[in-house]
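Summary of structural features
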Amino acid sequence: MGIVRLAIDVVGGDYGPGVVIRGAVEAKLRSGLNFSPLLCGKREQIEHIIKSLESSQRVIAEEFDIEHCPEIISGSDTPARAWKTKKNSSIVRCVALQKEGKVNASISAGDTGTLLGAAVFLLGRSESVARPALAAFLPTIRKRPSLMLDVGANLDCRVEHLVTFGLMGFEYYQKFFAIKTPQVFLLNIGKEPFKGTRTLHEADRLLRDRCRGYRGFIEGSRVLSGDADIIVCDGFAGNVLLKACESFHGLVAKALGDENGLFEAVKQKMAVLNSENYGAVPLLGIKGIVMKAHGSSSSTAIARAIETSVMLVRKNGSSQK
């Protein structure tokens with residue numbers, strides 16, 4: 001397979017374009033993957049940052065292509081319509097470049113609503129998908145992680161949305177891990193059939209009929225146990241749960257205080273709970289590959305997001321020549 005081309009929004013992250021650009025350099029230095037980044041942002045700013053890098057990094061970054069994006073999305077812009085009103089912003093252009101066939105995947109640490117709007121309206125939904133969803137891998141006590149969706153794209157979900165998430169998650173996990181029948185569960189306050197909301201009860205009924213991997217409800221206390229391959233929930237619950245898992249390292253660091261050696265040992269053992277190690281999560285249910293990185297992504301997290309994106313492109317069997 002030929003080189004993989006990635007459009008990367010350098011403006012979206014909380015820590016500025018420099019961190020994103022250094023992340024792309026890190027990915028080149030560390031991974032050995034055959035990819036070519038297309039940096040989306042203000043050309044003059046990007047060129048200035050590249051010139052300020054140390055020589056070994058600058059040599060690599062000078063080979064990167066730049067897509068000049070003069071517009072900036074502000075807090076007053078409506079996320080769902082920014083794809084139309086700010087077409088020359090970095091987050092919208094990084095998706096539009098995929099629509100134009102110039103890249104294989106798009107990566108942004110910017111606003112989730114804006115990225116979702118651009119992906120849906122520029123790339124389109126997959127067939128039979130009511131709502132696209134953000135999916136994230138969670139660590140478990142077994143060797144394989146669990147896939148949870150939605151983790152933030154849809155805060156208020158109807159029955160058909162949850163059913164779609166289950167079916168999308170089943171198909172994605174099946175392809176990603178080459179497992180014939182991954183097990184799907186609905187996140188609930190209890191595993192008993194009488195617990196939960198009417199929406200969950202109806203989604204449970206439909207998933208039993210439509211998803212051959214569906215196994216019923218799962219409680220939050222079993223999310224990291226490895227009981228489930230796919231965990232389905234609305235974006236509000238999923239986002240809260242994901243961020244709670246991500247806070248683990250900070251909690252351990254404070255609890256152990258000056259025990260640096262012990263903290264490092266725990267950190268290595270529990271590396272799967274470090275958000276930097278997955279880098280970005282895919283937006284499922286669209287016609288393309290769009291990766292959402294955490295707003296507070298470090299350069300290491302951006303590098304991981306790039307590595308994950310390249311892997312997904314290769315698994316999908318497409319590549320720019």
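Residues numbered from 1 in each chain as written. Predicted model: local features only at pLDDT ≥ 70, side-chain atom pairs only at ≥ 80, totals over all residues. Heavy atoms only, no water.

What about the packing of aromatic side chains?
Scanning the model with the defined rule gives seven aromatic pairs in all. Considering the side-chain rings of Y173 and F177, the 4.5 Å spacing of their centres and the 40° angle between planes classify their relative orientation as tilted. Of the two residues, Y173 and F177 both sit in helix α7 (residues 159–177), four residues apart, roughly one turn of that helix. Each member of the aromatic cluster is reached from another via a ring pair, and the members are F137, Y172, Y173, F176 and F177. Directly above the ring of F35 sits K28, whose terminal nitrogen or CZ lies 4.7 Å from the centroid. (Phe/Tyr/Trp six-rings, centres within 6.5 Å; stacked < 30°, edge-to-face > 60°. Helix = DSSP H or I, 4+ residues; strand = E, 2+ residues; numbered from the N terminus. Lys NZ or Arg CZ within 6 Å of the ring centre and 35° of its normal.)

Some thoughts on the pairing of strand β1 (residues 4–9)
For β1, the tally of buried residues reaches six of six residues, placing the bulk of the element in the interior. As paired strands, β1 and strand β2 (residues 35–41) are joined by six bridges and run parallel to one another. Bridging across to β2, L6 finds its partner in P37. You can see the chain leave β1, run along helix α1 (residues 17–31) and come back into β2, and the turn it takes is right-handed. As defined by bridge partners, β1 adjoins strand β4 (residues 105–108) across three bridges and the pair is classed as parallel. (Buried < 20%, exposed > 50% of the residue type's maximum accessible area, 1.4 Å probe, protein only. Pairing = 2+ DSSP bridges. Right-handed = clockwise from strand over helix to strand, strands pointing away.)

Topic: the packing of α7 against helix α8 (residues 198–210)
Relative orientation of the contacting elements α7 and α8 amounts to 40°, with a least axis distance of 9 Å. Taken together, the axes of α7 and α8 lie oblique to each other. For the pair α7 and α8, the crossing hand works out as right-handed. Across the interface between the two elements, V159, L162, V163, G166 and L167 of α7 pack against T199, L200, E202, A203, L206, L207 and R210 of α8. Of the residues belonging to the contact of α7 with α8, the class tally is eight nonpolar, two polar and two charged. (Axes fitted to C-alpha atoms, helices over the stretch in contact; angles between N-to-C directions. Parallel < 35°, antiparallel > 145°, perpendicular 65-115°, else oblique. Left-handed = near helix turned anticlockwise from the far one by under 90°. Contact = heavy atoms within 4.5 Å. Nonpolar A, V, L, I, M, F, W, Y, C, P; charged D, E, K, R; others polar.)

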